[in-house]
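Fold and geometry: a report
Chain by chain, the residues:
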Amino acid sequence: MNAPLKTSVQPVVRTNLDFKLHEIPRFWFADDPFLTRMFDALSLTFPDGERYFIQSVRLFRDQITDPDLKQRVADFIRQEAQHGMAHDKMNQLMRDQGMPVDDFIQRLNKIFNYDLKHRSAQFNIAVTAAAEHLTALMAETFYSHRHTLQDAHPYVRAMFAWHAIEEMEHRDVAFDVMKDVAKTPEFTRRAVLVSTTVLMFGFTIYRANIMLKHDGFSPRQRLYMNMRGLPWFFGKQGVLTRMGKQYRDWFKKDFHPNQHPVIAQYDVWVQTLEETGDPIQAGEAFWQAAKHAIGENKKPFT
């Protein structure tokens, strides 16, 4: 009999993890510019996005009385700070490649600063909880089957694996602050997931195309790349389409993130890191432990 799947795990703050990102090639995902830039564009959001998450949670820190939630909030803040530093290194690689990283970040921070200044604290914590829901589901969908990231460079795959592990560990923290402390209205909670989803993926596609332009691809080439590549993410059998059911669970009145099981191979990553101290080996073991699927050796877009 298989052991029951975990539904919650405690956050653990891990520091000084080296993913050797300076060694990765320009187009690190299957030597494919579109797939690479889509993941790069998503990564661009994380450092400043996670600083915004920290600020949103801190708006309620003095109101939290439950000792367990207080500790989880402290660990959440420390984990998010570590994520920001790791993705900052990836952003620097993109700067070195001539990408307009600082322009992207400046526009992103205008949105975050506007929300913090002009929107309610309840709204901001709802945005954070919604974004955490999305990132936890992406962690699950990217790593639940080996074939999804089989053509990604192992160093980048390892960095995203570590991020996925810690998203699983703290996916309920902002949600619990939103529900138990902020008392965010249900309408706001539900509406914010829709707007956050549209903004996150809309900006990802936009930034990916701007970066492809800086890579030297013509409008015609970029149009072809989008027509060929977007179904990999959003098509009928797309990677992100797979998370549709769990995504929609958010709209149930009694939803809680821990109703979804933690990714099955979570313990593999944790144990491998403990044994080796190497996050790249842990990431590789984590990826290798994912499910085998029909068509696993199929290349993207073929």
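A brief structural summary. Since the structure is predicted, the reported quantities are computational estimates derived from the model, not experimental observations. (Residues numbered from 1 in each chain as written. Predicted model: local features only at pLDDT ≥ 70, side-chain atom pairs only at ≥ 80, totals over all residues. Heavy atoms only, no water.)

Quick notes on the side chain of Thr141
Examined against the element boundaries, Thr141 turns out to sit in helix α4 (residues 121–143). A polar atom in the side chain of Thr141 sits 2.8 Å from the backbone oxygen of Val239. Filtering out sequence-adjacent residues up to four positions away, Thr141 remains in contact with Thr148, Val239, Leu240, Arg242 and Met243. (Helix = DSSP H or I, 4+ residues; strand = E, 2+ residues; numbered from the N terminus. Polar contact = N/O pair within 3.5 Å; in protein donor to acceptor, adjacent residues only side chain to side chain. Contact = heavy atoms within 4.5 Å.)

Examining the environment of Thr128
Assignment of secondary structure puts Thr128 in helix α4. For Thr128 and Gly216, which are 88 residues apart along the polypeptide, the C-alpha to C-alpha distance reads 35 Å. Apart from the residues within four sequence positions on either side, Thr128 is in contact with Tyr52, Phe53, Ser56, Val57, Phe76 and Ala174.

Re the pattern of salt bridges
Throughout the structure, instances matching the rule amount to 17 salt bridges. Put simply, Arg51 and Asp48 hold a salt bridge, and the shortest N to O gap is 3.5 Å. Linking Arg51 with Asp48, this pair stays in helix α1 (residues 33–58), spanning 3 residues, or about one helical turn. Accessibility expressed as a relative area gives 36% for Arg51, which makes it partly exposed. With its nearest N and O atoms 2.9 Å apart, the salt bridge here joins Asp176 to Arg72. Of this pair, Asp176 sits in helix α6 (residues 173–182) while Arg72 sits in helix α2 (residues 67–96), and the two are 104 residues apart along the sequence. (Salt bridge = Lys/Arg side-chain N within 4 Å of Asp/Glu carboxyl O. Buried < 20%, exposed > 50% of the residue type's maximum accessible area, 1.4 Å probe, protein only.)

Describing the environment of Tyr143
The residue Tyr143 is located in helix α4 in this model. We classify Tyr143 as buried; its relative accessible area is 2%. Remark: the alpha-carbon pair of Tyr143 and Trp287, spanning 144 residues in sequence, is separated by 6.3 Å. The residues contacting Tyr143, other than those within four sequence positions of it, are Leu149, Arg157, Phe160, Ala161, Ala164, Ile263, Gln265, Phe286 and Ala290.

Observations regarding the packing of aromatic side chains
What describes a pair of aromatic rings is the distance from one ring centre to the other and the angle between the planes of the rings. Taken as a whole and judged by the stated rule, the model has 20 aromatic pairs. On the basis of an interplanar angle of 50 degrees and a centroid distance of 5.8 Å, the ring pair of Phe39 and Phe233 is categorised as tilted. Here the residue Phe39 occupies a position in helix α1, and Phe233 occupies one in helix α8 (residues 219–234), the gap between them amounting to 194 residues. The residues Phe39 and Phe233 share a single accessibility class, namely buried. Ring geometry for Tyr247 versus Phe251: centroids 6.1 Å apart, planes at 70 degrees, classification edge-to-face. Three or more aromatic residues link up through ring pairs in this structure, and these residues are Trp28, Phe29, Phe39, Phe142, Phe160, Phe201, Trp232, Phe233 and Phe234. The ring of Phe123 is capped by Arg119, whose NZ or CZ atom sits 5.0 Å from the centre of that ring. A cation over an aromatic ring shows up here: Arg189 above the ring of Trp250, its NZ or CZ 5.3 Å from the ring centre. (Phe/Tyr/Trp six-rings, centres within 6.5 Å; stacked < 30°, edge-to-face > 60°. Lys NZ or Arg CZ within 6 Å of the ring centre and 35° of its normal.)

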